[in-house]
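Structure assessment
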Amino acid sequence: MAAIENFENIYLDLSKEGGKCRFAESGLGWKPTSGGEPFTLQGNDISTAQWSRAARGYEIKILLRNSSIVQLDGFQLEDFERLAKLFKNWYSATLENKEHSLRGWNWGKAEFGKAELTFNVQNRPAFEIPYSEISNTNLAGRNEIAVEFAVGDGKTTNGHNGASSKGKKASAGKDQMVEMRFYIPGTTTRKEAEGGDA
Amino acid sequence: DQNGVEIKKFKRFEAYKRDNQFPPKVRDMGIVIDQKNATVVLPVMGRPVPFHINTIKNASKSDEGEWSFLRINFLSPGQGVGRKDDQPFEDATAHFVRSLTFRSTDGDRYTEIANQISNLKRESVKKEQEKKDMED
């Protein structure tokens, strides 16, 4: 195994601009193609890692020990084995292949994890919402919860958002997600709403 | 059920079977209408998330200053609309995505998308009705 593994055209936290992603035994780094400040991550800050289909190819989602999330997308399907090996050897982390639900249903179970809300359809995630991207939640009606997203002024900056500046993922694409409403039945409504605020 | 009323069986529908069936356009992290698979693909935190047209109630566009908004409403319990056999409403514990709102400065695009969703919905309802008529 090489001492350094390089991947081109990778995006950090849904950045507009691609960059180079470099993995080494001590950790990983990402640098935008046009230059600028690199983002680095220590290998021993990595708690778990997931591999799944994203809009731009495949994505590695890293959960850090401090419960924040780092997303890297733009990988090719065939990169998986190489990446799984280096995560195991260098970071003692399993790169878990997480298949998402493709059924197209709008019902399931909203579950609250350490760093994100996961909407599961038949025990498979359909999508995830990192808590860091939520700007507000409220009870919009009986059994209805409105989740608002941090989209800023919409004048998204180029380059990477970086792990330090959260709250930009909802506005990363050309269609910015501003609100999502859930129907939560029964008496759990209040509890779930508070969970979403975490 | 116990009242002797026939429960219409929920008909299973599926947007995709494999993740290589997504239209290539999902790369742009924008809303994609997939006519062929009767599915609307919505970008959620960098992930393409399919919603079958059967789950969608309607889509509407509105404007506010320089922004245009597209709101997609899904069928969910307690709305007084939608046929019971469209969704597994018998699962009383299920959570539902009730609506998703996006914004963009390209209002014409949202008018177009809202129209496409309405047309797709109309076609799908028509097809379902034809199927039902055949069965009767």
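A few points on the structure. Quick caveat: nothing in here was measured; it's all calculated off a predicted structure.

**Some remarks on the overall build of chain B**
In terms of regular secondary structure, chain B is built from one helix and six strands. Beginning at the N terminus, the succession of helices and strands in chain B can be written as β-β-β-β-β-β-α. Here chain B holds 136 residues, and the buried ones make up 50% of them. Looking at chain B alone, contacts between residues at least 24 apart form 51% of all its contacts between residues at least 6 apart. A total accessible area of about 7,500 Å² is found for chain B, and carbon and sulfur atoms account for 47% of it.

**Overview of the overall build of chain A**
In terms of helices and strands, chain A carries two helices and 14 strands. Put simply, chain A has 198 residues, and 57% of those count as buried. Of the roughly 8,900 Å² of accessible surface on chain A, 45% is carried by carbon and sulfur atoms.

**Topic: the interface of chain B and chain A**
Contacts between the two partners involve 53 residues from chain B and, on the opposite side, 54 residues from chain A. With both chains or domains summed, chain B and chain A bury close to 4,600 Å², and 55% of this area falls on carbon and sulfur atoms. Applying the counting rule to chain B against chain A returns five salt bridges. Where Arg98(B) meets Glu144(A), a salt bridge forms, and the shortest distance between an N and an O atom there is 2.5 Å. Here chain B is connected to chain A by 29 residue pairs in polar contact (both at pLDDT 80 or more). Listing elements by their share of the side of chain B that touches chain A, those giving two or more residues are β2 (39–44), β3 (47–52), β5 (67–74), β6 (95–104) and α1 (107–135) of chain B. The element contributing the most residues to the side of chain B that touches chain A is β6(B), with ten residues.

**Some points on the layout of surface pockets**
Rolled over the atoms, a probe with the dimensions of a water molecule shows which regions are left empty. Residue and element names in this part refer to chain A. Put simply, the second largest pocket is a space of about 340 Å³. As for the second largest pocket, its lining consists of 18 residues, and the residues nearest its centre are Thr48, Gln50, Lys61, Leu63 and Glu116. Going through the elements one at a time, β5 (46–53), β6 (58–64), β9 (107–112), β10 (116–121) and β11 (124–130) are the ones with two or more residues in the lining of the second largest pocket. Partitioning the lining of the second largest pocket into residue classes produces six nonpolar, five polar and seven charged.

**Focus: the pairing of β9(A)**
Of the pairings in the sheet, the one linking β9(A) to β6(B) comprises two bridges and is antiparallel in character. Across the sheet, Trp107(A) pairs through a bridge with Phe96(B), a residue of β6(B). Relative to β10(A), β9(A) is paired through four bridges, and the arrangement is antiparallel. Residue pairing in the sheet places Ala110(A) in a bridge with Phe119(A) of β10(A). Between β9(A) and β10(A), which pair antiparallel one after the other, the connecting turn spans three residues.

**A short note on the pattern of salt bridges**
Going through the model one piece at a time under the given rule, you end up with 18 salt bridges over all chains. One salt bridge connects Arg82(A) with Glu5(A), and the closest N-O pair in it is separated by 2.6 Å. Taken together, the residues span a long stretch of sequence, with Arg82(A) in helix α1 (residues 80–91) and Glu5(A) in strand β1 (residues 4–12) at a distance of 77 residues. Of the residues examined, Arg82(A) reaches a relative accessible area of 35% and is grouped as partly exposed. The closest approach of N and O atoms between Glu14(B) and Arg103(A), which form a salt bridge, is 3.4 Å. Residue Glu14(B) is found in the segment before β1 (32–34), and its partner Arg103(A) is found in the loop between β8 (95–97) and β9; the two belong to separate chains. According to the relative accessible area criterion, Glu14(B) is partly exposed, its value standing at 30%.

**As for the packing of aromatic side chains**
What the rule picks out here adds up to 17 aromatic pairs over all chains. A centroid spacing of 5.4 Å and a plane angle of 10 degrees characterise the contact between Phe119(A) and Phe127(A), whose relative ring orientation is stacked. Each member of the pair Phe119(A) and Phe127(A) is classed as buried. Every member of this aromatic cluster is reached through a ring pair, and the members are Phe7(A), Phe23(A), Trp51(A), Tyr58(A), Phe75(A), Phe80(A), Phe87(A), Trp90(A) and Tyr91(A). The ring of Tyr11(A) has Arg56(A) sitting right over it, with the charged end atom 3.6 Å from the ring centre. Across the ring face of Trp67(B), the terminal group of Arg103(B) is positioned such that the distance to the ring centre comes to 3.7 Å.

**Quick notes on a negative patch on the surface**
Among the surface-exposed residues, Glu130(B), Asp133(B), Glu135(B) and Asp136(B) lie close enough to one another that they form a single negatively charged patch. Positionally, Asp133(B) belongs in helix α1.

Conventions adopted
- Residues numbered from 1 in each chain as written.
- Chains lettered and ligands numbered in written order.
- Predicted model: local features only at pLDDT ≥ 70, side-chain atom pairs only at ≥ 80, totals over all residues.
- Heavy atoms only, no water.
- Helix = DSSP H or I, 4+ residues; strand = E, 2+ residues; numbered from the N terminus.
- Buried < 20%, exposed > 50% of the residue type's maximum accessible area, 1.4 Å probe, protein only.
- Contact = heavy atoms within 4.5 Å.
- Areas by Shrake-Rupley, 256 points an atom, 1.4 Å probe, with all protein chains shown as cover.
- Buried area = accessible area lost by both parts, 1.4 Å probe.
- Salt bridge = Lys/Arg side-chain N within 4 Å of Asp/Glu carboxyl O.
- Polar contact = N/O pair within 3.5 Å; in protein donor to acceptor, adjacent residues only side chain to side chain.
- 1 Å grid on protein atoms, 1.4 Å probe; cavity = no way out; pocket = protein on both sides within 12 Å on 5 of 7 lines; lining within 4 Å.
- Points joined across faces, edges and corners; volume = space filled by probe spheres on them.
- Nonpolar A, V, L, I, M, F, W, Y, C, P; charged D, E, K, R; others polar.
- Pairing = 2+ DSSP bridges.
- Phe/Tyr/Trp six-rings, centres within 6.5 Å; stacked < 30°, edge-to-face > 60°.
- Lys NZ or Arg CZ within 6 Å of the ring centre and 35° of its normal.
- Patch = residues over 30% accessible without salt bridge, like charges linked within 9 Å, V, L, I, M, F, W, Y side chains within 5 Å.
- Lys, Arg positive; Asp, Glu negative; His and termini not counted.
- Charge placed at Lys NZ, Arg CZ, Asp CG, Glu CD.

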